Amino acid sequence: AFGIRNVTDVSKTLSEMFRVLKSKGRVIILEFSLPANPVFKAVYLFYFRYILPSVGSLISGDRYAYRYLNRTVESFPYGRAFCALMEKSGFQDVYEQPLTFGIATIYCGEKP
């Protein structure tokens with residue numbers, strides 16, 4: 001959960017997941033994403049870029065960790081783009097299930 005966006009090569013990682021998965025096996029990936037609703041997305045991005053890093057640094061003393069979080073989430077392919085990467089790696093019946101207004105998404109795919 002919440003780790004695939006931190007790997008060096010997402011496509012290679014998905015291909016390796018596909019390789020080690022048994023036939024008829026299923027991969028389920030939980031990752032942050034961005035809301036589809038433009039108003040909610042704008043509010044969320046303001047929170048994510050400005051409020052969370054400030055509060056997080058006050059509590060943890062590490063502002064970088066909270067700036068890193070929003071940068072990786074905002075630059076990571078999500079939604080249909082991530083599903084396409086899964087399909088390119090060989091997964092079939094790929095689908096996405098947005099959670100919490102799209103702040104996180106579950107991605108599922110099967111190995112034939």
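Residues numbered from 1 in each chain as written. Predicted model: local features only at pLDDT ≥ 70, side-chain atom pairs only at ≥ 80, totals over all residues. Heavy atoms only, no water.

Student: I'd like a rundown of the overall build of the protein chain, residues and numbers included.
Tutor: A count of helical and extended segments in the protein chain gives 4 helices and 3 strands. Its helices and strands in sequence order give the protein chain the pattern α-β-α-α-α-β-β, from N to C terminus. Projected onto its principal axes, the C-alpha positions of the protein chain cover 45 × 30 × 15 Å. The buried share of the protein chain, taken over its 112 residues, is 35%. Here the protein chain displays about 6800 Å² of accessible surface, and carbon together with sulfur accounts for 61% of that area. Averaging the locations of the 14 positively and 9 negatively charged side chains of the protein chain gives two centres separated by 2 Å. (Helix = DSSP H or I, 4+ residues; strand = E, 2+ residues; numbered from the N terminus. Buried < 20%, exposed > 50% of the residue type's maximum accessible area, 1.4 Å probe, protein only. Areas by Shrake-Rupley, 256 points an atom, 1.4 Å probe, with all protein chains shown as cover. Lys, Arg positive; Asp, Glu negative; His and termini not counted. Charge placed at Lys NZ, Arg CZ, Asp CG, Glu CD.)

Student: With reference to specific residues and values, describe the sheet that holds strand β2 (residues 92–99).
Tutor: Taken in spatial order, the 3 strands line up as β1-β3-β2 in an open sheet, and their pairing is antiparallel. The sheet is open, and its two edges are formed by β1 (26–32) and β2, each paired on a single side. Ignoring which end each strand starts from, the neighbouring axes of this sheet average 15 degrees apart. Note: β1 against strand β3 (residues 104–110), 7 bridges, orientation antiparallel. Bridge assignment links V27 to a residue of β3, and that residue is G109. (Pairing = 2+ DSSP bridges. Axes fitted to C-alpha atoms, helices over the stretch in contact; angles between N-to-C directions.)

Student: Got a sec to walk through the environment of P53? Specific residues and values, please.
Tutor: Mapped onto the elements, P53 comes out in helix α2 (residues 38–60). You can call P53 buried: its relative accessible area is 0%. Considering only alpha carbons, one finds P53 and R80, 27 residues apart in sequence, at a separation of 28 Å.

Student: Requested: an account of the packing of helix α1 (residues 10–20) against helix α4 (residues 80–88), with residues and values cited.
Tutor: Between α1 and α4, the least distance of the axes is 9 Å, while the angle of their chain directions is 50 degrees. Taken together, α1 and α4 sit at an angle that is classed as oblique. Crossing of α1 over α4 shows right-handed handedness. Within the contact between the two elements, α1 uses V10, S11 and L14 and α4 uses F82, L85 and M86. (Parallel < 35°, antiparallel > 145°, perpendicular 65-115°, else oblique. Left-handed = near helix turned anticlockwise from the far one by under 90°. Contact = heavy atoms within 4.5 Å.)

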